[in-house]
Amino acid sequence: LIGRPVGAGLVGTEESYVEEIEASYGRILATRENARLLVELGADIVEIMDWGDLEAIICAIKEIRNEIKDKAILAFDRIHGPGLFGHFAKKELITEDEIRKIVKAGVDILFIPAVGTFPGYTVEYASRQVDVVHDCGALAGLGIGTSQEGSDIETIRRIGFYSKMTGAEIYGCL
């Protein structure tokens, strides 16, 4: 499309917080059809974000992987926990067991919060989660999705430096 990889996000499943998701993002649910359309339109990366039922997430990942096959990279992203959807305890935005199940379902990349961008995400804690992602055979990404991208330069430097220490391969902002 533009000489660079293009990624597009799908948010939630039919079993997720559909009303809240639609109010915030529109109807961009993680469905087989939406993923197929993204790839047809030239997306190189299809990224799923969801905070709902794990079994519904796994089902959506499997269906989307089956639909897009190797035509696009499939990523899962849980770099923040929007208050609208929330029942998250600190440090339990995504558990190691969820990471294993999500990667096993077929994602190529799994994104978690960058160090210091979500309560409890220290270098040590994020490193353990990155190790789990790697042990399952996927790439690990760390992201900023909670407004730190507007911080002063030193804060951004620290987030980047500490995040690099975790061993993740990919860093970005939502």
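Provided above is the structure to which this section pertains.
Model, not experiment: these values are computed from the prediction.

What counts and what doesn't
Residues numbered from 1 in each chain as written. Predicted model: local features only at pLDDT ≥ 70, side-chain atom pairs only at ≥ 80, totals over all residues. Heavy atoms only, no water. Helix = DSSP H or I, 4+ residues; strand = E, 2+ residues; numbered from the N terminus. Rg over C-alpha atoms; globule rule 2.2 N^0.38 Å. Buried < 20%, exposed > 50% of the residue type's maximum accessible area, 1.4 Å probe, protein only. Contact = heavy atoms within 4.5 Å. Areas by Shrake-Rupley, 256 points an atom, 1.4 Å probe, with all protein chains shown as cover. Lys, Arg positive; Asp, Glu negative; His and termini not counted. Charge placed at Lys NZ, Arg CZ, Asp CG, Glu CD. Core = buried A, V, L, I, M, F, W, Y, C linked by side-chain atoms within 4.5 Å. Pairing = 2+ DSSP bridges. Right-handed = clockwise from strand over helix to strand, strands pointing away. Phe/Tyr/Trp six-rings, centres within 6.5 Å; stacked < 30°, edge-to-face > 60°.

Student: Talk me through the overall build of the protein chain; I want residue IDs and the actual numbers.
Tutor: For the protein chain, the helix and strand inventory stands at six helices and six strands. Taking 2.2 N^0.38 as the reference for a compact globule, 174 residues should give roughly 16 Å; the C-alpha atoms of the protein chain span a radius of gyration of 15 Å, in line with that estimate. If one aligns the C-alpha atoms of the protein chain with their principal axes, the spans along those axes are about 40 × 40 × 30 Å. Relative to its full complement of 174 residues, the protein chain shows a buried share of 44%. The long-range fraction of contacts in the protein chain, counting pairs at least 24 apart against all pairs at least 6 apart in sequence, stands at 74%. For the protein chain, the accessible surface area stands at approximately 8,800 Å², while carbon and sulfur atoms represent 53% of it. Once the 18 positive and 28 negative side-chain charges of the protein chain are each reduced to a mean point, those two points are 4 Å apart.

Student: Kindly report on the nonpolar core, identifying the contributing residues and their values.
Tutor: Ranked by internal contacts, the top residues of the largest apolar core, which has 47 residues, are V46, I61, F76, I102 and L110. Setting aside its immediate chain neighbours within four residues, I61 contacts I48, L74, F76, I102, A105, G106 and V107.

Student: Help me get a handle on the pairing of strand β4 (residues 109-113), residues and values and all.
Tutor: β4 sits mainly inside the fold: five of its five residues count as buried. Pairing of strand β3 (residues 73-77) with β4 involves three bridges; the strand directions are parallel. Bridge pairing in β4 links D77 to F111. Relative to strand β5 (residues 139-144), β4 is paired through five bridges, and the arrangement is parallel. Bridge assignment links F111 to a residue of β5, and that residue is G141. This β-α-β element, β4 to helix α5 (residues 123-135) to β5, shows right-handed connectivity.

Student: An account of the packing of aromatic side chains is requested, with residue identities and associated values reported.
Tutor: Per the stated rule, a full pass over the model turns up three aromatic pairs. Ring centres 5.0 Å apart and planes at 90 degrees place the aromatic pair Y121 and Y125 in the edge-to-face group. Since its relative accessible area comes to 2%, Y121 is described here as buried. When its relative accessible area of 12% is taken as the criterion, Y125 is described as buried. Put simply, the rings of F118, Y121 and Y125 touch in pairs and so form one group of aromatic residues.

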